[in-house]
Amino acid sequence: MFNADGPDLIPILNVGTPWALLPVCGRPIVEYWIELASTLGIKECLVVADEGIEQLESFLGTGSRWGVHIRIAFSGMAQTETFLREAGNDLRLHIEGPLFPKRTGGTVAAGGGAVSMTYRGHNVAMSLHAGAPDSAVEQDFESAGIIPFPLDSTRRYYALSMDMLKYGMSGYLTPGYASGGDGSFVGMDTLTPASCELKGPLVIGNRCRFGTFTTVGPNAIVADDVVVDSRTVITNAIVLKATYIGRNLDITGRIILGNRIIDPLSGESVELSDPWIVRHIPPKGFPAWLHLFFGQMAALLFLLLLLPLRYLIGFPLRLGGRIRTAPFSCPDRFGSTCTFVRAYGEGLRFRLYTALLLDLTPQLLLAVAGRLYLCGTDALYDRCRPAGPPPQGYYPGVFNYSGARGMVFSTPDIADIDRRYYAATRSPAEDLRILFRFLGYRILGRRAS
Amino acid sequence: MQLQFEQNATLATVALRGHLSASTGNAFREEMIALGSAHPDVVDWVLDMDNVDFLDSSGLGVLISLLKRVTEKKGDIVLVSLQKKVLMVFEITRALRIFRVFDTVEEASRAVRMKDAP
């Protein structure tokens, strides 16, 4: 029985997450316990908690992937007593509070089929019993190869993580794909460019993205959905889930959770509000296929509305020579080449033409259909030149984040800065805000990117 | 960003107050350049950051560009009394390898004078 109740002894780490799901070397604590129970031959598990029930249910499911049957109960309910009564004299493992089962190798001895082990600490407890109580043989957990390790501070959490990386991974079911030899484990759908250096021992989770010339490890733990920008070094550090780490940083001896940087030894933390350095990556909104499907429909609707206006207003302007155009090509988000024309002109009618976005109709339709990002780098006609390819990894956008935020950059590489900011902060709400501001500029006749 | 300037021979102490970010960085740089022009005999600068409660990557970029400007004239910029958040930014961006940081203005001034001593 696993009691996930208990005080938040490491509140700065498991913000919004039950401590049972706090990851140790890439996997939640509760998973280690389930595995231990399964190893001992236990088939029925009861997880008791008063918070985070939905998250626990979502992760644990029915327990079938571990070969056990898991039930989850709200604390205070009578299910606990019923569960223990049903267990009878079968092997019973009971865990209370934030404990981690360090495994050192060893076996659970059974004298006449009965064994009893108990551990008690501050706010934590663990017991393992089999057989009738009066015939049980007392054994300590260490001889059974299990060391109950209380996780009551960031220092202990960090020490456990580093210790497991260096010495202890062989005792557990390891995450991800092993690199062979140096204690490196990398999860699924994680992309590392050729220039990225991985130095074991390390653990990298699923769906991570690393920039060029990053160095990860030794002694690094990177959780799922982490983005690390170029030329950053992560060593002797733990980066928790859905964190973005900026460019050219040195993350050594720290725990990073979103925009929170924690000193594991002192437990002190600071929260940085600069999204270029560290930030939390919000969960993705609509799935991509939904966006594309509805995007195509919306683009068709826009086409029916804008095309007549484009010809009604634009055609006379062209006939009168009041519009000049210049073609240019850019890649879209899928690597194909798109060719557009930029319109130049003056006068009230031309301002009306641009205010209604009739000069940007093709780009807008592609953005609505999902082929171009609505916002990102500078507008296409500023950054894409008719000759020569754009920089590698370029995400052409229709509008400009930097213009919307009024930021002033001292470096000339604005497209590069925009791309990084865009990767970290893009959201449909932000795109719409930039769009309306851009429309305002155009209607007022102001030049805006 | 407010600045309070004090000169002592070739050493200037500037106490900063406010936040150093994308929105204030340019104005801060212009003010520092103006101070440098108004006091051409100042070679070394001590920036007291005790009342700087926020610094982002843009603000750090401004400090680095000022340091570059000063070191071209054989001078130095040292920093004093970084708040915890600001110090963290310096640590993880490796800016501590570029700037010398002290706890007090007196310590910083002493270190700068020792560097300049024959």
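Residues numbered from 1 in each chain as written. Chains lettered and ligands numbered in written order. Predicted model: local features only at pLDDT ≥ 70, side-chain atom pairs only at ≥ 80, totals over all residues. Heavy atoms only, no water.

Considerations on the pattern of salt bridges
All names here are of chain A. The criterion, for reference: We define a salt bridge as a contact between a side-chain nitrogen of Lys or Arg and a carboxyl oxygen of Asp or Glu at a distance within 4 Å. Each residue gets one of three labels from its accessible area relative to the maximum for its type: buried under 20%, exposed over 50%, partly exposed in between, using a 1.4 Å probe on protein chains only.
Across all of its chains, the model carries 16 salt bridges over all chains by this definition. Between Arg 27 and Glu 31 there is a salt bridge, and its shortest N-O distance comes to 3.2 Å. Just as Arg 27 is buried, Glu 31 falls in that class too. Within this structure, Arg 207, Asp 224, Asp 225 and Lys 241 form a network of salt bridges that share partners.

Some words on the sheet that holds strand β19 (residues 227-228) of chain A
Residues and elements named next belong to chain A. Going by this rule: Any two strands are treated as partners once DSSP identifies two or more bridges connecting them. What counts as a helix is a DSSP run of H or I of at least four residues, what counts as a strand is a run of E of at least two, and both are numbered from the N terminus.
Taken in spatial order, the four strands make up an open sheet running β16-β19-β22-β27, and their pairing is mixed. Taken across any chain shown, the strands that pair with only one partner, and hence form the sheet edges, are β16 (209-210) and β27 (278-280). With three bridges connecting them, strand β22 (residues 243-245) and β27 associate as antiparallel partners. From the neighbouring strand, Thr 243 faces β27, where its bridge partner is His 280.

Observations concerning the interface of chain B and chain A
Going by this rule: Whether two residues touch is decided by their heavy atoms; if any such pair falls within 4.5 Å, the residues are in contact. Accessible area that two parts lose when put together, evaluated with a 1.4 Å probe and summed over both, is termed the buried area. Side-chain classes follow a simple rule in which Ala, Val, Leu, Ile, Met, Phe, Trp, Tyr, Cys and Pro form the nonpolar group, Asp, Glu, Lys and Arg form the charged group, and the remainder, Gly included, forms the polar group.
In this assembly, 14 residues from chain B lie in contact with 18 residues from chain A. In this assembly, chain B packs against chain A so that about 1,500 Å² is buried in total across both faces, 58% of it on carbon and sulfur atoms. Per-residue buried area on chain B facing chain A is highest for Met88(B), Ile92(B) and Arg94(B); these three make up 39% of the total on that side. In this structure, Asp250(A) engages Arg94(B) in a salt bridge whose closest nitrogen and oxygen atoms are separated by 3.9 Å. Only α1 (25-38) and α3 (84-92) of chain B provide two or more residues apiece to the side of chain B that touches chain A. Considering each element in turn, the side of chain B that touches chain A owes the most residues, six residues, to α3(B). Of the residues that constitute the side of chain B that touches chain A, the class distribution is four nonpolar, three polar and seven charged.

Describing the nonpolar core
For the record, the criterion: Nonpolar cores are built from buried Ala, Val, Leu, Ile, Met, Phe, Trp, Tyr and Cys residues. Side-chain atoms within 4.5 Å join them into one set.
Formed by 52 residues in total, the largest nonpolar core has its most connected members in Met49(B) and Phe90(B). Leave out the neighbours within four places in its chain, and Phe90(B) touches Leu55(B), Leu60(B), Leu63(B), Leu79(B), Leu82(B), Ala95(B), Leu96(B) and Phe99(B). Counting residues in hydrophobic clusters, the runner-up holds 51 residues, among them Leu60(A), Ile95(A), Phe100(A) and Met162(A).

Considering the confidence of the model for chain A
All names here are of chain A. Test applied: The quantity known as pLDDT measures the predictor's confidence residue by residue, on a range of 0 to 100.
Averaged over every residue, the pLDDT of chain A is 75; residues scoring 70 or more account for 66%. Within chain A, strand β20 (residues 233-235) carries the highest mean pLDDT (96), whereas helix α8 (residues 380-383) carries the lowest (45). Below pLDDT 50 for its whole length, residues 378-395 participates in 47 contacts with residues either more than four positions away or in separate chains. Every residue in residues 407-412 is under pLDDT 50, and counting partners more than four places away or in other chains gives nine contacts.

Let's talk about helix α1 (residues 29-39) of chain A
All names here are of chain A. The element α1 is largely enclosed, with a buried count of nine among its eleven residues. Ile 29, Val 30, Glu 31, Tyr 32, Trp 33, Ile 34, Glu 35, Leu 36 and Ala 37 are the residues of α1 that are buried. Remark: Gly 41 follows α1 within two positions and exhibits a positive phi of approximately 90°.

Points about the state of the cysteines
Residue and element names in this part refer to chain A. Just so we agree on the cut-off: Cysteine sulfur atoms are paired as a disulfide whenever they come within 2.5 Å of each other.
With the rule as written, the count across this model stands at zero disulfides over all chains. Cys 208 supplies the cysteine sulfur nearest to Cys 25, a cysteine that is in no disulfide, at a spacing of 14 Å. Note on Cys 25: relative accessible area 1%, which makes it buried. Free cysteine Cys 208: the closest other cysteine sulfur is in Cys 196, separated by 11 Å. We classify Cys 208 as buried; its relative accessible area is 0%.

Observations regarding the packing of aromatic side chains
Stated precisely, the cut-off is as follows: Side-chain rings of Phe, Tyr and Trp (the six-membered ring for Trp) are treated as a pair once their centres are within 6.5 Å; stacked means planes under 30 degrees apart, edge-to-face means over 60, and tilted covers the remaining angles. Two thresholds decide whether a charge sits over a ring: the Lys NZ or Arg CZ must be within 6 Å of the ring centre and within 35 degrees of the ring normal.
For the structure on display, the rule yields five aromatic pairs over all chains. Here Phe90(B) and Phe99(B) contribute two aromatic rings whose centre-to-centre distance is 5.7 Å and whose plane-to-plane angle is 70°, an arrangement assigned as edge-to-face. Neither residue differs from the other here; Phe90(B) and Phe99(B) are each classed as buried. In this arrangement the basic side chain of Arg27(A) is found over the ring face of Tyr32(A), its NZ or CZ atom lying 4.4 Å from the centre. Above the face of the Phe59(A) ring, Arg65(A) is positioned so that its terminal group lies 4.8 Å from the ring centre.

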